[in-house]
Amino acid sequence: MKADENNFVNLIRQGREEGIRYVIETYGGLLKSVVRKRLSPWPDRMEECMNDIFLGIWRNIDRFDEEKGSFAGWAAGAARLEAIDMLRRIKRQPQTVSLEDVEIPREDPAFEELAEQELSREAEEILACLQPKDQELFRRIFLEEEEPETAGDALGISRDNVYVRLFRGKRKIRSKFQERKRA
């Protein structure tokens, strides 16, 4: 039996696929526009929601009453409720993003160079209160991130003396900048 406007509801009630195919072909656009209104930020979820709507119509066709309103209105209401339910499920799920999908913005090379120069100038200003050998020790350990022992070996300073120089240098830098704050 071919489904049409007069018999598709009865076909669905009888469990015949022709009825639901007619709904998909005839009312699919209307239902999709209802879903799109709520789920446009999640296009991958729209098809799942549409499938849920058609399954809901199939299972709940007995709730449709021709005397209370049109099928289009009833189906659109069901679509709206299903889209809202899908939206709630989406909001409850933790949002994860694949690292492959994340685009890391690249810094402007000119900006990076300018920032590097500014940091270098500030570091030189901070280290200016130290003796030249201590300045080199601080550069190697804190700017170039060398291990203290490695930096000490390169400068001919014993391990214990490296830590003493670092302690005294930090104290000297702190006192210099505390004086600056007071002034």
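Residues numbered from 1 in each chain as written. Predicted model: local features only at pLDDT ≥ 70, side-chain atom pairs only at ≥ 80, totals over all residues. Heavy atoms only, no water.

Draft legend 1. Spatial organisation of the overall build of the protein chain. In terms of helices and strands, the protein chain carries eight helices and zero strands. Counting helices and strands in the order they occur from the N terminus, the protein chain gives α-α-α-α-α-α-α-α. In terms of overall size, the protein chain is more extended than a compact globule, its C-alpha atoms giving a radius of gyration of 36 Å where 183 residues would be expected to give roughly 16 Å. With the C-alpha coordinates aligned to their principal axes, the bounding extent of the protein chain is approximately 100 × 40 × 30 Å. Buried positions account for 29% of the 183 residues belonging to the protein chain. (Helix = DSSP H or I, 4+ residues; strand = E, 2+ residues; numbered from the N terminus. Rg over C-alpha atoms; globule rule 2.2 N^0.38 Å. Buried < 20%, exposed > 50% of the residue type's maximum accessible area, 1.4 Å probe, protein only.)

Draft legend 2. Spotlight on the packing of aromatic side chains. Considering all chains together, one arrives at eight aromatic pairs under this definition. Feature note: the residues Phe8, Tyr22, Tyr27, Phe64, Phe71 and Trp74 constitute an aromatic cluster, connected by ring pairs. (Phe/Tyr/Trp six-rings, centres within 6.5 Å; stacked < 30°, edge-to-face > 60°.)

Draft legend 3. Molecular detail of unusual backbone geometry. A positive phi angle is found at Glu145, which is not glycine, with a value near 60 degrees. Classification of Glu145 by relative accessible area gives exposed; the value is 66%.

Draft legend 4. Layout of the pattern of salt bridges. On inspection of all chains with the given rule, the structure shows 16 salt bridges. Glu118 serves as the salt-bridge partner of Arg121, at 2.5 Å between the closest nitrogen and oxygen. A residue pair is termed a helical-turn pair when its members lie 3 or 4 positions apart in one helix, as Arg121 and Glu118 do in helix α5 (residues 109–127) at three residues. Taking the shortest distance from any N to any O, the salt bridge between Glu136 and Arg139 comes out at 3.5 Å. Of this pair, Glu136 and Arg139 are both found in helix α6 (residues 132–143), three residues apart, which corresponds to roughly one turn of the helix. Classification of Glu136 as partly exposed rests on a relative accessible area of 26%. On the accessibility criterion, Arg139 (19% relative accessible area) is buried. Shared partners join several salt bridges into a network, and the residues in it are Glu124, Glu136, Arg139, Arg140 and Glu146. (Salt bridge = Lys/Arg side-chain N within 4 Å of Asp/Glu carboxyl O.)

That is the geometry; function is a separate question.
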